[in-house]
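# Notes for the structure review
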2 protein chains.
Amino acid sequence: MLETKLKAFLPLLIQHLFLYHYLSSLLPISMACNNKFTLDSVRDALIREEDSIVFSLIERARFPYNAPAYDPLFLGNGFSIAEFYVRGTESLQAKIGRYQKPEDVPFFPKDLPSPLPPTKDSQKVLLHPASASVTVNEAIWKFYFTELLPLFTTKGNDGNYASTVASDFVCLQAISRRIHSGKYVAEVKFTDAPQDYSPAISSNDRDKLMDLLTFVAVEEAVKKRVEKKARLFSQNVTLDENDSGKTQYKINPLVVSHLYDKWVMPLTKVVEVEYLLLRLS
Amino acid sequence: MLETKLKAFLPLLIQHLFLYHYLSSLLPISMACNNKFTLDSVRDALIREEDSIVFSLIERARFPYNAPAYDPLFLGNGFSIAEFYVRGTESLQAKIGRYQKPEDVPFFPKDLPSPLPPTKDSQKVLLHPASASVTVNEAIWKFYFTELLPLFTTKGNDGNYASTVASDFVCLQAISRRIHSGKYVAEVKFTDAPQDYSPAISSNDRDKLMDLLTFVAVEEAVKKRVEKKARLFSQNVTLDENDSGKTQYKINPLVVSHLYDKWVMPLTKVVEVEYLLLRLS
């Protein structure tokens, strides 16, 4: 009797457990604890993201530049192979619940389908609701294809366009996630010292905010660390212990520190500034 | 006058260049040189693939196991989130020209769309035509989700299903590409010494072929190397030089050597054997 009742109850229980996990899941990865995040947890997430960015660049460097993948005339449907693939994959990922979090920002947000499982943007309460609108993906798309890609790929064309643009998309997503995590950085810094930021926000003073958010020594350390990661992760590993001095790196480690110096850190601060300007609205 | 003629000729020239590059592209990455590949070039490609596999596992380990992503009832459309995503992405990648090469084998080959740009499977002449049919993806799919995944992910559910299954797909593709590259290994070994393999092929002797393809010392070295790669690539890199002894690995390096020992190398040999059995057909 009890067993029959339990059996009848089981599907409902499972459904509730799924729903609970699904909703609790919408908290940002390893940043949230008891619905709060701290500067330390945000920093840890940013440092972990460095590894993802370095891995993704090394994987993209398996292929040469492959210009036809970026030619809007190649497919004959109005999109480059890269744009066609990114639009298609973003649509697919949106259907299974991506782009619900402030750091996951699509490159082509128009006409994205709704997720198939019912979701609720529970994590957005962690940040000021206006934050969702902050995006610098247009700038990321532009610097990635026109400036960064030629720096770490060889010239040439091996025709592996599908693998190439799939790798591009992984790079773009990792870089974008790192940069848009600036929303959390800004929120933590504001919450810790609203008196420091509020006057500049009220007077719409972008330069002052940029000043407040810039720590040269920290930025130098980040550049050194990502360069070190690129050196370690892109070396050719052999079992010969005497081999390590003469390795050929799969990507030039200086390109990664340059990426952080010229684009990742400046654009992260743009995200922080834009977030703060909306913070009192 | 000459300028006008050149201008008229330009679009045609560009189109021809693209077509030339597209066709030449269909050669396997860094394996083919003058339409030939050697055991050295195949081995180099396999060693490079190890890095991709290690990176992909480290990236998947950012998320816990996330059971609901593999529940066929969760989406309500008959597919698990993982299968829905892999089917959708394979379809998208097929449209832009993937799955033309013997080592790129889809997990769901039925009803894959044709590529949008016209292609010609020029690289298949490098291998025996029957090779295209050899696939062990069903076995890969099974061991990956049921046996491997629980070994290198933490228990639990953070709800990041879209990111989780996107990472799964990168792992699956890297592992599958490594294993199906066994087709090149088999072809090179056969071409180098047909007299060694032909009798076993003619008598359909799988065990004998497996013996001929097994080199214990080489396999031990591979296991050691991938473990070393996992240690190097999954360490927590800091600028503190004294920190390296106390790192916490993002994945257990022993899981990677286990993956190679239990699945990657045996299944590669299955691919080699199946390829050879078709080699004289």
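Analysis parameters
- Residues numbered from 1 in each chain as written.
- Chains lettered and ligands numbered in written order.
- Predicted model: local features only at pLDDT ≥ 70, side-chain atom pairs only at ≥ 80, totals over all residues.
- Heavy atoms only, no water.
- Helix = DSSP H or I, 4+ residues; strand = E, 2+ residues; numbered from the N terminus.
- Buried < 20%, exposed > 50% of the residue type's maximum accessible area, 1.4 Å probe, protein only.
- Contact = heavy atoms within 4.5 Å.
- Least-squares fit on C-alpha atoms with pLDDT ≥ 70 in both.
- Phe/Tyr/Trp six-rings, centres within 6.5 Å; stacked < 30°, edge-to-face > 60°.
- Lys NZ or Arg CZ within 6 Å of the ring centre and 35° of its normal.
- Buried area = accessible area lost by both parts, 1.4 Å probe.
- Salt bridge = Lys/Arg side-chain N within 4 Å of Asp/Glu carboxyl O.
- Axes fitted to C-alpha atoms, helices over the stretch in contact; angles between N-to-C directions.
- Parallel < 35°, antiparallel > 145°, perpendicular 65-115°, else oblique.
- Left-handed = near helix turned anticlockwise from the far one by under 90°.
- Nonpolar A, V, L, I, M, F, W, Y, C, P; charged D, E, K, R; others polar.

## A few points about the overall build of chain A
Counting secondary structure elements, chain A contains 10 helices and 0 strands. Ordered by position in the sequence, the α and β elements of chain A form the string α-α-α-α-α-α-α-α-α-α. Sorting the 281 residues of chain A into buried and exposed places 54% on the buried side. Nonlocal contacts in chain A, meaning residues at least 24 apart in sequence, comprise 77% of its contacts between residues at least 6 apart.

## Overview of the relation of the copies chain A and chain B
Of the two same-sequence chains, chain A is brought onto chain B (RMSD 0.0 Å, axial shift 0.0 Å) by a rotation of 180°. The operation mapping one copy onto its partner corresponds to a two-fold rotation axis. Identified as the residue of chain A closest to the rotation axis by C-alpha distance is Phe233(A), at 2.7 Å. A shared binding surface is used by both copies, with 100% of the interface residues of chain A retained as interface residues in chain B.

## A few points about the packing of aromatic side chains
Residues and elements named next belong to chain A. Within this structure, the stated rule accounts for 22 aromatic pairs over all chains. For the ring pair Tyr 85 and Phe 169, a centre distance of 6.2 Å and an interplane angle of 90° mean the geometry is edge-to-face. Of the two residues, Tyr 85 is situated in helix α3 (residues 81–95) and Phe 169 in helix α5 (residues 161–180); the sequence distance between them amounts to 84 residues. An aromatic cluster is built from Tyr 65, Tyr 70, Phe 107, Phe 108, Trp 141, Tyr 144 and Phe 145, whose rings are joined through pairwise contacts. Taking the ring centre of Tyr 99 as reference, the NZ or CZ of Arg 98 above it sits at 5.9 Å.

## Here's the deal with the interface of chain A and chain B
Each partner contributes to the interface: chain A provides 57 residues, whereas chain B provides 57 residues. Taken together, both faces of the contact between chain A and chain B bury some 5,300 Å²; the carbon and sulfur share is 66%. Contact with chain B buries area across many residues of chain A, yet Arg62(A), Ile96(A) and Val237(A) alone supply 13% of it, more than any other trio. Viewed at the interface, chain B and chain A are joined by 6 salt bridges. The partner of Arg62(B) in a salt bridge is Glu49(A), with the nearest N and O atoms 3.2 Å apart.

## Here we look at the environment of Val226(A)
Residue and element names in this part refer to chain A. Counting through the fold element by element, Val 226 comes out in helix α9 (residues 216–233). Take Val 226: its relative accessible area is 0%, and that puts it in the buried class. Val 226 sits 31 residues away from Ser 257 along the chain, and the two C-alpha atoms are 6.0 Å apart. Those residues in contact with Val 226 that sit more than four places away from it in its chain are Glu 50, Val 54, Val 256, Ser 257 and Tyr 260.

## Some details on the packing of helix α2 (residues 39–60) of chain A against helix α10 (residues 253–279) of chain A
All names here are of chain A. In contact at an axis separation of 11 Å, α2 and α10 are set at 125° when each is read in the N-to-C sense. Accordingly, the angle class assigned to the pair α2 and α10 is oblique. As α2 packs across α10, the resulting crossing turns out to be right-handed. Touching Glu 50, Ile 53, Val 54 and Leu 57 of α2 are Val 256, Leu 259 and Tyr 260, all from α10. Partitioning the contact of α2 with α10 into residue classes produces 6 nonpolar, no polar and 1 charged.

## Observations regarding helix α6 (residues 182–192) of chain B
Taken across its 11 residues, α6(B) has 9 buried, putting it largely inside the fold. Here α6(B) has its buried residues at Gly182(B), Lys183(B), Tyr184(B), Val185(B), Ala186(B), Glu187(B), Val188(B), Lys189(B) and Phe190(B).

## As for the pattern of salt bridges
Counted according to the given criterion, the structure contains 35 salt bridges over all chains. Across the pair Glu274(A) and Arg206(A) runs a salt bridge whose closest N-O atoms are separated by 3.0 Å. Of this pair, Glu274(A) sits in helix α10 while Arg206(A) sits in helix α8 (residues 206–212); the two residues are 68 residues apart in sequence, bridging distant segments of the chain. On the basis of relative accessible area, Glu274(A) is assigned to the partly exposed category, the value being 24%. Between Glu49(B) and Arg177(B) there is a salt bridge whose closest N-O contact spans 2.7 Å. One end of the pair, Glu49(B), is in helix α2 (residues 39–60); the other, Arg177(B), is in helix α5 (residues 161–180), and 128 residues separate them in sequence. Both residues of the pair, Glu49(B) and Arg177(B), belong to the buried class.

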